[in-house]
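Structural characterization, general
Chain residues, written in single-letter form:
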Amino acid sequence: MGKLTVRALRVVLVVVLAGTVFVQALMVWALATDPEDGSLPLTPLRVITILGMASVQVALVCVWRLVAMVRRGTVFSHAAFRYVDGVIGAIVAAALVWFAVTAINAPGQRDDPGVTVIMGGVGVAILGVALIVLVLRMLLAQAVARDVEAAQIQAELDEVI
């Protein structure tokens, strides 16, 4: 991974992290100062937004750590699984948060249930992303196993030579 790519990715991660912290701060401030007017269940939506931003933050930190491992050349190790599992968990949490938003929004969509169906489809798509990352985790597991195997073969060759 090139230095420019790593720097660009880290800039994006920092900007997104700052944005999520900003949104969380606004939601906490709104919870404390802005009462509900009764038209929407604002308090649950604000709490869900805070939780959703937290799941994004967990994924960002895990990706940051994985990028650091790539730069050091240590990503093909068992330590990487912790961060990949963190990304998978964060994506699943984001999907659950989205399903909660869908459930809260559903009663207001009785005249047009298609919106709720579309929102449910988006939640399923988010879970699909988690499954894709799970497949990538399996590929990482195979790569780690091959790396260990190659190291053993190299050690045997070094003994022979």
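Anyway, here's the lowdown on the structure attached to this text. Values in this document were obtained by computation on a predicted structure and should not be read as measured data. (Residues numbered from 1 in each chain as written. Predicted model: local features only at pLDDT ≥ 70, side-chain atom pairs only at ≥ 80, totals over all residues. Heavy atoms only, no water.)

**A few points about the pattern of salt bridges**
Let me state the cut-off plainly: Salt bridge, as applied in this entry: a Lys or Arg side-chain nitrogen positioned within 4 Å of an Asp or Glu carboxyl oxygen. Per the convention used, a helix needs a DSSP run of H or I reaching at least four residues, while a strand needs a run of E reaching at least two, with both numbered from the N terminus.
On inspection of all chains with the given rule, the structure shows one salt bridge. Salt-bridge contacts for D85 lead to R137; the nearest nitrogen and oxygen are separated by 2.5 Å. Of this pair, D85 sits in helix 3 (residues 79-105) while R137 is found in helix 4 (residues 114-160), placing the two residues 52 residues apart along the sequence.

**Notes on the environment of M27**
Considering the arrangement of structural elements, one finds M27 in helix 1 (residues 3-33). For the pair M27 and W98, spaced 71 residues apart in the sequence, the C-alpha separation amounts to 17 Å.

**Notes on the environment of R110**
Applicable threshold: Exposure is judged per residue with a 1.4 Å probe applied to protein chains only, and the accessible area is read against the type maximum: over 50% gives exposed, under 20% gives buried, and values in between give partly exposed.
By the element assignment, R110 lies in the loop between helix 3 and helix 4. Overall, the relative accessible area of 68% leaves R110 in the exposed class. Along the primary structure R110 and I48 are separated by 62 residues, whereas in three dimensions their C-alpha atoms are 22 Å apart.

**Some thoughts on helix 2 (residues 42-72)**
What counts, and what does not: By definition here, a helix of n residues has an expected span of 1.5 Å times n minus one.
The terminal C-alpha atoms of helix 2 lie 45 Å apart, and with 31 residues this matches the ideal 45 Å at 1.5 Å per residue to within 8%. Two residues or fewer past helix 2, G73 is found with a positive phi of approximately 80°.

**A word on helix 1**
Taking 1.5 Å as the rise per residue, helix 1 with 31 residues should run 45 Å; its terminal C-alpha atoms sit 45 Å apart, in good agreement. Looking at helix 1, one finds that the buried residues are V6, L13, T20, Q24 and A30.

**Section: the environment of H78**
Mapped onto the secondary structure, H78 falls in the loop between helix 2 and helix 3. Residues H78 and A145 lie 67 residues apart in sequence; the distance between their C-alpha atoms is 9.6 Å.

**Topic: the side chain of Q57**
Defined as follows: The contact criterion used throughout is that any non-hydrogen atoms of two residues lie within 4.5 Å.
If you trace the backbone, Q57 turns up in helix 2. With a relative accessible area of 15%, Q57 lands in the buried category. Apart from residues lying up to four places away in sequence, Q57 is in contact with L17, T20, V21 and Q24.

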